[in-house]
Amino acid sequence: MIYGPTLLFAIGEGAVIPLIPVIANRLGADVALAALVAAALVVGQLCGNIPAGWAVARFGERITMGVAGIVVLGGLVGVVFAGTLAIFAAAVFLIGFCAASFSLARHSFMTTRVPLPFRARALSLLGGTFRLGMFVGPFISAALLGIFGDEKASILFFAVCQIATILLVFLGPDPEKAVPVGGAAVAEKPDVDSRDAEDTGEPVSGAIPITERAGVFRTMWRFRGVLARLGLAAASLSAVRSARQVVLPLWGVSLGLDASTIAVVVGVSGAIDFALFYASGQVMDRFGRLWAALPAMILMGAGFLALAFTHDLTGAAMWFAMFAAVLGVGNGLSSGILLTLGADLAPAEEPAAFLGSWRTLTDAGGAVAPVLISALTATVSLSGAVGAMGVIAALGAFGFVRWVPRYVPRAR
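Computed from a predicted structure; not experimentally measured. (Residues numbered from 1 in each chain as written. Predicted model: local features only at pLDDT ≥ 70, side-chain atom pairs only at ≥ 80, totals over all residues. Heavy atoms only, no water.)

For the pair helix H6 (residues 119–148) and helix H7 (residues 152–171), interaxial distance at closest approach is 8 Å and the crossing angle is 130 degrees. In terms of axis orientation, H6 runs oblique to H7. Both H6 and H7 take part in a crossing whose hand is right-handed. In contact with Ile140, Ser141, Leu144 and Phe148 of H6, H7 contributes Ala153, Ser154 and Phe157. Here the contact of H6 with H7 is composed, by residue class, of five nonpolar, two polar and no charged. (Axes fitted to C-alpha atoms, helices over the stretch in contact; angles between N-to-C directions. Helix = DSSP H or I, 4+ residues; strand = E, 2+ residues; numbered from the N terminus. Parallel < 35°, antiparallel > 145°, perpendicular 65-115°, else oblique. Left-handed = near helix turned anticlockwise from the far one by under 90°. Contact = heavy atoms within 4.5 Å. Nonpolar A, V, L, I, M, F, W, Y, C, P; charged D, E, K, R; others polar.)

Encoded structure:
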């Protein structure tokens, strides 16, 4: 019940994500516009974070996730029957909007209930559910395309996963009632007065008592120091991850590969990504958060920069598959890092508002990346856009080196 709903959603979503640029292209979009349509998924998730945070706090995880699953079914109907690019993009946006509910509900649950020595592993498992979806989903999609020859089969599979999710959420036991609050420990942090933190941007202790519920925007202002520093580094990681999901299908389309081949390449990249998710949690719990974040950013930055120079080479399809694997390794090493950093920084007694702020910022990075790729593809080239993602990864790596030791000291 803790991981199941998220897993089902991720598998269904993973089956559809590689097909979004393909369907957009069939509806008349060029490569740049197809990237913009694909961006609607992460933009929808960005816009859904604050409403999801409010809904989880107001109605609980079960109601929020169940209603979100029902709305996703409406979005899938729009995807199937979309006759224009605008309707298709709106349906993709709606699916992303509801995806925020599945992510934020479980993030808040883990933050308040998982002991600190196991936090990174537990959250890496949560991140692993998404990676399993990105791994299994594209292969299921490729098989359905091979059997039926129609993208609607993959969309119908996503709908079946959503129906199973809704039944599991409403008919299964409620984890919020089964697991008591209070199991999470608090990391040792510098003894800084909260008023000083508001003025200077110093880290705020995770043990500061909160006596009244704060809004998301007020929380953003209170924690503006850490959000503007470590939060921006985290946003760059989110941007690079999001770019990987958009760039790989677009790169395959630009090389003239068919939808089935693209789905297989994306699926192999997801398989490598998925294989490393628990190792990431072990590294973070044993050695610290930086030892997972920094190698991931370096690998993904190098992968994007190298891929940018291979489009017109002989054997471009081979280079595409190879660097897709490199990006999968880098993404796998970062599994759970954004969830773990958010939980480390959140106030222990009332984490929801901070997590809403944190996820809004990190998802903003994920939402900006496809838009940036679309703009650079239209004005420069797809290769130039991919190279720009490599530069962003390098800047993010520097940010992690600078700010993780300051804001996330080792736990007791």
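Take the side chain of threonine 129 next. With respect to the helices and strands, threonine 129 occurs in helix H6. Classification of threonine 129 as buried rests on a relative accessible area of 7%. Within the local environment of threonine 129, its side chain forms a polar contact with the backbone oxygen of leucine 126, the two atoms lying 2.4 Å apart. Threonine 129 has contacts with Tyr3, Thr6, Leu7 and Ala10, leaving out every residue within four places of it along the chain. (Buried < 20%, exposed > 50% of the residue type's maximum accessible area, 1.4 Å probe, protein only. Polar contact = N/O pair within 3.5 Å; in protein donor to acceptor, adjacent residues only side chain to side chain.)

Scanning the model with the defined rule gives six cavities of 30 Å³ or more in all. Taken as a whole, the largest cavity encloses approximately 670 Å³ of empty space. Along the walls of the largest cavity sit 28 residues, with Gln45, Phe130, Arg241, Gln245 and Asp363 positioned nearest its centre. Put simply, the parts of the chain that give the lining of the largest cavity at least two residues each are helix H1 (4–16), helix H3 (31–59), helix H5 (85–113), H6, helix H11 (224–254), helix H16 (337–345) and helix H17 (352–379). Looking at the lining of the largest cavity residue by residue, the classes come out as 10 nonpolar, 11 polar and seven charged. A domain-level breakdown of the lining of the largest cavity finds at least three residues from each of domain 1 (1–174) and domain 2 (216–411). (1 Å grid on protein atoms, 1.4 Å probe; cavity = no way out; pocket = protein on both sides within 12 Å on 5 of 7 lines; lining within 4 Å. Points joined across faces, edges and corners; volume = space filled by probe spheres on them. Domains from an automatic or database assignment.)

This brings us to the pattern of salt bridges. According to the stated counting rule, one finds five salt bridges in the structure shown. Aspartate 344 is the partner of arginine 119 in a salt bridge, and the nearest nitrogen-oxygen pair spans 2.8 Å. In this pair, arginine 119 is assigned in helix H6 and aspartate 344 in helix H16, connecting sequence segments 225 residues apart. Classification of aspartate 344 as buried rests on a relative accessible area of 5%. Between arginine 289 and aspartate 344 there is a salt bridge, with its nearest N and O atoms 2.7 Å apart. Pair noted here: arginine 289 is in the loop between helix H13 (277–287) and helix H14 (290–307) and aspartate 344 is in helix H16, with a separation of 55 residues, a long-range link. Take arginine 289 and aspartate 344: they sit in the same class, and that class is buried. Counted as one network, the salt bridges with shared partners bring together Arg119, Arg121, Asp285, Arg289 and Asp344. (Salt bridge = Lys/Arg side-chain N within 4 Å of Asp/Glu carboxyl O.)

So, on to the side chain of serine 334. Mapped onto the elements, serine 334 comes out in the loop between helix H15 (316–333) and H16. Aside from chain neighbours lying at most four places away, what touches serine 334 is Arg131, Leu237, Arg241, Ser280, Ala296 and Met300.

Keep in mind these values describe shape, not function.
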